[in-house]
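# Observations on the model geometry
What follows is the residue order along each chain.
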Amino acid sequence: MSAVTGAEATLIQKAADRSAVFGVVGLGYVGLPLAVEIADAGYRVIGFDVKQGVIDAINAGRSHIQDVPTARLAPLVKSGLIRATTDATALAEADVISICVPTPLSKTRDPDVSFVLAAADAIGNIVRAGQIVILESTTYPGTTRELLMPRIEKGGLTVGEDVFLAFSPERVDPGNPTWQTRNTPKVIGGVTPACNRVALALYGPVFETLVPVSSPEAAELVKLLENTFRSVNIGLVNEMAIVCDKLGVNVWEVIEAAATKPFGFMKFTPGPGLGGHCIPIDPHYLAWKMRSLNYKTRFIEVAGEVNSEMPLFWVRKVVDRLNDESKSVRGSKVLVVGVAYKKDIDDLRESPALDVIRLLHQQGAEVSYHDPYIPSLDEDGEHLDSVPLTRERVAGSDCVVIVTDHAKLDYAMIRTHAAAIVDTRNVIART
Ligand SMILES: NC(=O)c1ccc[n+]([C@@H]2O[C@H](COP(=O)([O-])OP(=O)(O)OC[C@H]3O[C@@H](n4cnc5c(N)ncnc54)[C@H](O)[C@@H]3O)[C@@H](O)[C@H]2O)c1
């Protein structure tokens with residue numbers, strides 16, 4: 001057996017007998033659920049994060065991620081299947097290193113791959129023969145090959161022979177009760193066929209379904225296609241909301257009726273705009289990459305424009321509703337209900353509620369908010385604490401704006417007691 005086959009065969013054997021050790025880099029919304037699934041499959045996991053607080057909590061068996069109950073994490077930590085550290089050199093022991101660090105946009109809305117680079121540099125310092133590195137962070141096509149591969153090979157190792165490299169996009173949908181890390185099919189694109197074989201063998205016990213593709217670039221694009229698809233369709237339906245508003249037609253009625261078509265239509269719903277760490281950001285990774293190749297991704301640009309105008313559209317609705325009551329925005333009490341970027345989760349990143357609050361502030365409104373998942377927020381230099389959603393608070397507000405339709409809120413009470421309601425999610429009509 002040649003040395004090449006040896007490294008591959010050893011890792012595949014370590015998958016079969018679960019003796020492979022996993023390193024998970026970045027223990028946030030993606031990394032911690034992944035670490036737990038890996039440990040549940042019987043592998044030992046070393047979690048690495050740069051935040052001491054995150055590490056301390058995990059080692060104490062406490063979860064900081066809503067989708068991972070502490071009751072699930074604690075036994076895995078206690079049994080030694082999961083341990084966490086801020087020491088990157090601990091990753092030298094790992095056979096598999098899965099990278100789950102953030103990939104945000106810079107101030108100029110270009111990809112900020114500094115976290116990926118920092119993780120790649122840390123791994124580059126400890127990488128050894130017989131390891132596989134799998135990038136999970138959403139990023140532009142070419143990242144795995146252009147940024148990771150040189151760092152992994154810098155000490156003389158060859159990817160596909162003595163060390164392996166793949167991209168496997170994380171698809172987790174926080175708060176989704178049906179589709180979680182384990183049962184969501186997992187796409188894998190290795191740099192070489194051997195990389196694919198090794199990644200498939202190691203991830204096989206962790207995920208119910210694996211979907212191999214022929215290259216990391218294909219896998220990187222799968223994720224970008226999925227999220228661009230959502231962004232474009234949300235943009236389309238948001239534009240339809242504007243169209244219906246101008247025509248005096250109820251957009252929700254139109255969508256519900258269209259959705260009765262059993263083929264050729266997929267239901268998307270309008271709202272206050274895009275939020276979260278994925279849909280508002282990921283398409284720009286692709287747009288940026290294509291700009292560097294002198295191609296303009298028009299659908300991405302247009303969808304981004306329409307979606308980012310939605311907070312202003314809804315703030316204008318607040319102005320109109322107050323006007324109906326012969327009130328000005330300036331000095332009016334506006335209660336924003338729900339600020340997380342989507343229902344039933346505690347994630348405020350990129351939330352359109354922040355734009356709504358800022359725009360209302362700019363027009364002189366006295367803004368307060370209620371969100372059972374977000375105790376406080378800072379926007380536009382102002383600190384706000386979530387206020388209780390009481391009958392008095394609702395009745396004492398000039399307008400209630402529903403931005404996020406959390407399931408556990410009392411919409412009947414809002415409907416009964418609010419002087420004016422602007423409902424970006426149509427939740428009042430639905431409950
Ligand atoms: N949140 C989602 O719903 C979701 C879904 C699919 C894909 N993704 C993608 O997954 C990636 C991670 O997103 P997330 O939501 O988990 O982010 P997050 O901010 O929740 O977690 C990232 C973690 O990485 C840590 N970190 C940062 N730099 C590090 C470094 N150099 N070394 C080690 N740890 C480091 C941070 O401290 C943090 O704990 C992103 O690329 C994102 O686009 C996110």
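Let me sum up the structure you'll find in this document.

Calculation notes
Sequence order as written defines the numbering, with residues in each chain counted from 1. Whole-chain, interface and lining totals are the exception, using all residues; otherwise, since this is a predicted model, local features are given only for residues with pLDDT of at least 70 and side-chain atom pairs are given and counted only at 80 or more. The side-chain figures draw on all heavy atoms in the structure; neither hydrogens nor water molecules are used. Throughout, exposure labels follow a simple rule: accessible area from a 1.4 Å probe, protein chains only, divided by the maximum for the residue type, with under 20% read as buried, over 50% as exposed, and the rest as partly exposed. Numbering goes from the N terminus for both helices and strands, where a helix is a DSSP run of H or I of at least four residues and a strand is a run of E of at least two. Two strands qualify as a pair provided that DSSP identifies no fewer than 2 bridges between them. Whether a crossover is right-handed comes down to one check: with the strands pointing away from the viewer, does the path from the first strand over the helix to the second run clockwise; if it does, it is right-handed. Pairing of aromatic side chains requires ring centres within 6.5 Å, counting the rings of Phe and Tyr and the six-membered ring of Trp. Pairs whose planes differ by under 30 degrees are stacked, by over 60 edge-to-face, and all others tilted. In this scheme, Lys NZ or Arg CZ marks a charge over a ring once it lies within 6 Å of the ring centre and within 35 degrees of the ring normal.

The side-chain alternation of strand β4 (residues 96-99) yields two buried faces, one formed by V96 and S98 and the other by I97 and I99. Sheet analysis places strand β1 (residues 21-25) next to β4, joined by four bridges and oriented parallel. Across the sheet, the residue bridging to G23 is I97, located in β4. Here β4 runs beside strand β5 (residues 132-135); their pairing, made up of four bridges, is parallel. Looking across to β5, one finds that I97 is bridged to V133. Handedness of the β-α-β unit built from β4, helix α5 (residues 114-126) and β5 comes out right-handed.

Another aspect to go through is the packing of aromatic side chains. Across all of its chains, the model carries seven aromatic pairs by this definition. Note on Y140 and Y285: the rings are 6.4 Å apart at their centroids and 25° apart in plane angle, and the pair reads as stacked. Of this pair, Y140 sits in the loop between β5 and α6 (143-153) while Y285 sits in helix α10 (residues 282-292), and the two are 145 residues apart along the sequence. Each member of the pair, Y140 as well as Y285, carries the same accessibility label: buried. Here the aromatic residues F22, Y43, Y203 and F207 are joined through ring pairs into a cluster of three or more. Between the NZ or CZ atom of R18 and the centre of the ring of Y43, over which it lies, the distance is 6.0 Å.

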